[in-house]
Amino acid sequence: MKFYLGSILVLFTLQGFAACDGSPQDFIINDPIDHIPFTVTAKVYRPDSLLKVSTVFIIPPIVGETPIDRGMAQKICSSGMAAYILNVVKDVTIDYEINHYSIHDETYVRALSSVQSVISELEKDSGMNGKFGILGMSLGGMISTYVAGSEPKILASVIVVGAGNVPGVISYSDQKRVAAIREGRMEKFNIPDQASYEQIFKNLVPHDPISVAANIRPGSMYLFIAVNDTTVPTRYQQELRSKVADPLVFEMKGNHVQGIIKAGTIHSRNITNFFSNQLM
């Protein structure tokens, strides 16, 4: 069945969902960048409940959906909320990214449109209560920050080792793919150093998460910061912290991966309790 939402075309495939099982669901939107269909794939974890439930969107990191994402979805579902793991990032090659500087800004525009389209569909669902939160780790945390600061229907957000300041992150991150793209561009376009690389992107990411962080409702964001992070460098996580009004903050010893694991396991109950308090 097809639905038209203004200029957005959505294909909504609703299956019978068993409780908290991660059933697949596709949403096809009209890509706001190239205006051709883009499939937002989802894994759906919905509780078996007679009550209307809140919804938490989970945005995976740059490597794609992880066991931590699935584990958090299960925990959120077990606490009485629905969890949707959403793939909102377009799959392109490293060579494509090297040659298209606009890809970074486009990622945030597309992700926001994707989440807004899913919200529009779920608002029609009689099993939902119309309250939405978002959780993201690493790149997923950066995307989630942008969505939370851009869409007022997002009432709560949990950001794990995420940040704003895209030019800074892509210039100094040691994440394998990010570094490969940076090195490829520096060689191809004769960029002498990382500081020059950062300067090039200063005006090329107008939809940077840091630009909307002040819009986030005070007290509605829970930040997990890894204090020895070189993948999303800690200084940019702290910069995001400084731009958000009254966030709940937990600082973790360790690097990027250790921070994700700690947040998604040791602190998973705190995360689900935060969403419960904000959304239920």
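Residues numbered from 1 in each chain as written. Predicted model: local features only at pLDDT ≥ 70, side-chain atom pairs only at ≥ 80, totals over all residues. Heavy atoms only, no water.

As a further point, take the pattern of salt bridges. Under the definition given, this model contains 10 salt bridges. Of the charged contacts, one joins D34 and K90 as a salt bridge, the two residues approaching to 2.6 Å between their closest N and O atoms. Of the two residues, D34 sits in the loop between β3 (23-30) and β4 (37-45) while K90 sits in the loop between β6 (82-87) and α2 (94-99), which places them 56 residues apart along the sequence. Exposure remark for D34: the relative accessible area of 30% places this residue in the partly exposed category. What makes K90 partly exposed here is its relative accessible area of 29%. (Salt bridge = Lys/Arg side-chain N within 4 Å of Asp/Glu carboxyl O. Helix = DSSP H or I, 4+ residues; strand = E, 2+ residues; numbered from the N terminus. Buried < 20%, exposed > 50% of the residue type's maximum accessible area, 1.4 Å probe, protein only.)

This part is about the pairing of strand β9 (residues 221-226). The buried count for β9 comes to six of six residues, which makes it a mostly enclosed element. Taking every second residue as pointing to the same face, both faces of β9 are buried, with M221, L223 and I225 on one and Y222, F224 and A226 on the other. Two strands pair when backbone bridges link them, and strand β8 (residues 154-160) and β9 are joined in this way by four bridges, in the parallel orientation. Its bridge partner lying in β9, I159 is registered against L223. (Pairing = 2+ DSSP bridges.)

This brings us to the nonpolar core. If you look at the biggest cluster of nonpolar residues, it comprises 53 residues, and the most contacted ones within it are V40, F57, Y84, L86, I143 and I154. Among the elements that make up this core, the one with the highest residue count is helix α3 (residues 103-122) (seven residues). Leave out the neighbours within four places in its chain, and F57 touches Y84, L86, V115, V118, I119, L122, F132, G133, I134, L135 and I154. Counting residues in hydrophobic clusters, the runner-up holds 28 residues, among them V56, L135, A226 and I271. (Core = buried A, V, L, I, M, F, W, Y, C linked by side-chain atoms within 4.5 Å. Contact = heavy atoms within 4.5 Å.)

All right, on to the packing of aromatic side chains then. Tallied over the full model, the rule gives 10 aromatic pairs. A centroid spacing of 5.0 Å and a plane angle of 40 degrees characterise the contact between Y101 and F201, whose relative ring orientation is tilted. In this pair, Y101 is assigned in the loop between α2 and α3 and F201 in the loop between α7 (194-200) and β9, connecting sequence segments 100 residues apart. Ring geometry for Y108 versus Y146: centroids 5.9 Å apart, planes at 70 degrees, classification edge-to-face. A residue pair is termed long-range when its members are at least 10 positions apart, and Y108 in helix α3 and Y146 in helix α4 (residues 139-150) qualify at 38 residues. Assessed through its relative accessible area of 3%, Y108 is described here as buried. Linked through ring pairs, Y222, F224, F250, F274 and F275 together constitute an aromatic cluster. Between the NZ or CZ atom of R110 and the centre of the ring of F38, over which it lies, the distance is 5.7 Å. (Phe/Tyr/Trp six-rings, centres within 6.5 Å; stacked < 30°, edge-to-face > 60°. Lys NZ or Arg CZ within 6 Å of the ring centre and 35° of its normal.)

For C20, which is not a glycine, the phi torsion comes out positive at approximately 55 degrees. Counting through the fold element by element, C20 comes out in the loop between β2 (8-11) and β3. Residue classification places C20 among the buried positions, given a relative accessible area of 14%. In this structure, V161 is a non-glycine residue whose phi angle is positive, near 40 degrees. Inspection of the secondary structure puts V161 in the loop between β8 and α5 (166-172). The class for V161 is buried, based on a relative accessible area of 0%.

Our focus in this paragraph is the confidence of the model for the protein chain. Chain-level pLDDT for the protein chain is 94 on average; 94% of the residues reach the 70-or-more range. pLDDT under 50 marks residues 1-16. Its contacts with residues more than four places away, or in other chains, come to 41 contacts. (pLDDT = per-residue confidence, 0-100.)

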